[in-house]
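Given next are the chains, with one letter for each unit.
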Number of protein chains: 2
Amino acid sequence: MMQLIDLSHPLAHGQAVFPGDPAIEILARHPAGYRITELRLSTHQGTHLDAPFHFFDDGVTVDRIPLDRLYGPASLIDFGPLAPGAPITVDMLRPHAALFRPGARVIYRTGWDRLFGRPEFFVNYPSLTLEAARWIAAQRIALLGMDTPGPSEDWLEVHRALLAAEIVIVESLANLDQLPPAFTFIGFPLKIEGRDGSPIRAVAEVGPGVGRKE
Amino acid sequence: MMQLIDLSHPLAHGQAVFPGDPAIEILARHPAGYRITELRLSTHQGTHLDAPFHFFDDGVTVDRIPLDRLYGPASLIDFGPLAPGAPITVDMLRPHAALFRPGARVIYRTGWDRLFGRPEFFVNYPSLTLEAARWIAAQRIALLGMDTPGPSEDWLEVHRALLAAEIVIVESLANLDQLPPAFTFIGFPLKIEGRDGSPIRAVAEVGPGVGRKE
């Protein structure tokens, strides 16, 4: 029996944003007879993905990421609840090396999503070491996802290492504790012309035989 | 061989909006060392979906639409290029009645997407008659999609007929001319808390055996 698991946090008016990002505003509008909403938010609000253009002038923009990178078999690495500021090291990744095939989608859980929506979410979160990010980049996976607001508090260098390898980074995922080790990941960005990222509705399909082969 | 087809129009700064909707603004921001974007747009801009709350105070909101309505086997009805203002009638639907099973996803093509991005897109588009909308509502399908900005210029009554039946409406689809009769539809909304609709990245998966059964 197939089942869909929602890997996305809700977008809510006034929720905490990454330091320096614009506020999120969800503004009700009521023309006669129906209702619409004006959204104002960063492309990096809530559950979202980063395109290489986020850090590189000549990087791929979010509307041009090949769709097949964002939909297909994926693997979970569950680091259980990690302590605030815990480093995620190459030694922690190495036991899972078989998952890091070229083109693979790998998502890791730290348990940090319990703080989502509060300012503390953005401070002292478990982080890839720069060495670990470079190790991942060298494997040429297609997509790396996590339940923290980014892959590392050493954000500049770690983002650069991953995005230079054209790895799509999916940040602030939810409900990773509900995932089996193998599943199908679905997470397409809005087709925002020529820009750097997009909020997404990330979803996992789970069930017998799902996600175990390409 | 599976293939993904992008059914979404690009979101671009200043593109034409539905009359009365807020402007779409895609605003580049450049903190030190990287770039982000502030989005300002209606929940009904470009390729998007409508939740029942769009018209009904007690209707399901976009964050609560069951995900399995938005992902799965779907059918295309190709009406070829229809003339401006052409009515889509019950007589035109009846030959395709077998597709309208309870829970089905049905998408129809009018050819109107060629005008997307221009103000003319929103005027005199091919439209379901109210009788046709009520016929569809009675079939209790899960999702109805189209390449026009809405199901009908008789927008109030037709939206009410479809949304009262809890049919998700997917509007302003692109590239429907590339679709086979049966495919897998994927189109999840952003998880916007308690609101009426969402821009989406709609995608079709096509290939041998795809979309032919539930």
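Refer to the structure presented above.
Report on the accompanying structure. Predicted model only: the values in this text are computed from it and were never measured. (Residues numbered from 1 in each chain as written. Chains lettered and ligands numbered in written order. Predicted model: local features only at pLDDT ≥ 70, side-chain atom pairs only at ≥ 80, totals over all residues.)

## Considerations on the overall build of chain A
Phase 1 of the analysis: Broken down by element type, chain A carries three helices and 13 strands.
Phase 2 of the analysis: Taken against the 2.2 N^0.38 rule, which gives 17 Å for 214 residues, the C-alpha radius of gyration of chain A at 17 Å falls within 12% of a compact globule.
Phase 3 of the analysis: Along the first, second and third principal axes, the C-alpha set of chain A runs to 60 × 40 × 35 Å.
Phase 4 of the analysis: Out of the 214 residues in chain A, the part that is buried amounts to 47%.
Phase 5 of the analysis: For chain A, the proportion of contacts with a sequence separation of at least 24, taken over those separated by at least 6, is 76%. (Helix = DSSP H or I, 4+ residues; strand = E, 2+ residues; numbered from the N terminus. Rg over C-alpha atoms; globule rule 2.2 N^0.38 Å. Buried ≥ 20, exposed ≤ 12 C-beta atoms within 10 Å, placed from the backbone. Contact = placed C-beta atoms within 7 Å.)

## A look at the sheet that holds strand β13 (residues 203–206) of chain A
Residues and elements named next belong to chain A.
Phase 1 of the analysis: Read from one edge of the open sheet, nine strands run β1-β13-β11-β5-β7-β9-β10-β4-β12, paired in mixed fashion. In the strand order of this sheet, the two ends are held by β1 (3–6) and β12 (197–199), each with one partner. Going from strand to strand, the sheet's axes swing by 25 degrees on average, the running direction of each strand aside.
Phase 2 of the analysis: Where strand β4 (residues 48–50) and β12 come together, three bridges link them in antiparallel fashion. Paired with Leu 49 across the two strands is Ser 198, which belongs to β12. (Pairing = 2+ DSSP bridges. Axes fitted to C-alpha atoms, helices over the stretch in contact; angles between N-to-C directions.)

## Observations concerning the pairing of strand β11 (residues 182–186) of chain B
Residues and elements named next belong to chain B.
Phase 1 of the analysis: Here five bridges tie strand β5 (residues 71–78) to β11, and the two strands are oriented antiparallel to one another. Bridging from a neighbouring strand, Ser 75 pairs with Ala 182 of β11.
Phase 2 of the analysis: Relative to strand β13 (residues 203–206), β11 runs antiparallel, the two sharing three bridges. Residue pairing for β13: Thr 184 is matched across the bridge by Glu 205.

## Some thoughts on the relation of the copies chain A and chain B
Phase 1 of the analysis: Relative to chain B, chain A is turned by 180 degrees and slid 0.0 Å along the rotation axis, the superposed coordinates differing by an RMSD of 0.0 Å. Seen this way, the second copy is the image of the first under a two-fold rotation axis. Taking the C-alpha atom as reference, chain A places Arg40(A) closest to the rotation axis, 2.2 Å from it.
Phase 2 of the analysis: Residue by residue, 100% of the interface of chain A is reproduced at the interface of chain B, so both copies engage with the same surface. (Least-squares fit on C-alpha atoms with pLDDT ≥ 70 in both.)

## Here we look at the interface of chain A and chain B
Phase 1 of the analysis: In this assembly, 43 residues from chain A lie in contact with 43 residues from chain B.
Phase 2 of the analysis: Where the side of chain A that touches chain B is concerned, the elements lending two or more residues are β1 and β3 (36–42) of chain A.
Phase 3 of the analysis: Looking at side-chain class alone, the side of chain A that touches chain B contains 22 nonpolar, nine polar and twelve charged residues.
Phase 4 of the analysis: By the bridge criterion, five bridges tie β3(A) to strand β3 (residues 36–42) of chain B in an arrangement that is antiparallel. Bridge pairing links Ser42(A) to Glu38(B) in β3(B). (Nonpolar A, V, L, I, M, F, W, Y, C, P; charged D, E, K, R; others polar.)

## So, the sheet that holds β3(A)
Phase 1 of the analysis: Pairing is antiparallel across the open sheet formed by four strands, whose spatial order is β2(A)-β3(A)-β3(B)-β2(B). In this open sheet, the two strands that pair with only one neighbour each are β2 (25–29) of chain A together with β2 (25–29) of chain B. Taken over all neighbouring pairs, the strand axes of this sheet differ in orientation by 10 degrees on average, direction set aside.

## Describing the packing of helix α2 (residues 130–139) of chain B against helix α3 (residues 155–164) of chain B
All names here are of chain B.
Phase 1 of the analysis: Between α2 and α3, whose axes approach to 8 Å, the crossing angle comes to 5 degrees. With respect to their mutual orientation, α2 and α3 come out roughly parallel. Taking contact as the criterion, the partners of Leu 130, Ala 133, Arg 134, Ile 136 and Ala 137 in α2 are, on α3, Glu 157, Val 158, Ala 161, Leu 162 and Ala 164.
Phase 2 of the analysis: When the residues that make up the contact of α2 with α3 are grouped by side-chain class, the tally is eight nonpolar, no polar and two charged. (Parallel < 35°, antiparallel > 145°, perpendicular 65-115°, else oblique.)

## Observations concerning the pairing of β3(A)
Phase 1 of the analysis: Most of β3(A) is tucked away, with five of its seven residues classed as buried.
Phase 2 of the analysis: Between β2(A) and β3(A), which pair antiparallel and follow one another directly, the connecting turn spans six residues, one of which, Gly33(A), has a positive phi of 90 degrees.

## Remarks on the environment of Ile200(A)
All names here are of chain A.
Phase 1 of the analysis: Secondary-structure assignment places Ile 200 in the loop between β12 and β13.
Phase 2 of the analysis: When the C-alpha atoms of Ile 200 and Ile 186 are compared, they prove to be 9.6 Å apart, with 14 residues separating the residues in sequence.
Phase 3 of the analysis: Apart from residues no more than four positions distant in its own chain, Ile 200 is found in contact with Thr 47, His 48, Leu 49, Gly 187, Phe 188 and Pro 189.

## So, unusual backbone geometry
Phase 1 of the analysis: In this structure, Arg140(A) is a non-glycine residue whose phi angle is positive, near 60 degrees.
Phase 2 of the analysis: Looking at Arg140(A), the number of C-beta atoms within 10 Å reads 14, which means it is partly exposed.
Phase 3 of the analysis: One non-glycine residue, Ser172(B), lies in the positive phi region at around 60 degrees.
Phase 4 of the analysis: In this fold, Ser172(B) is placed in the loop between β10 (168–171) and β11.
Phase 5 of the analysis: Among the residues examined, Ser172(B) registers 28 C-beta atoms within 10 Å and is labelled buried.

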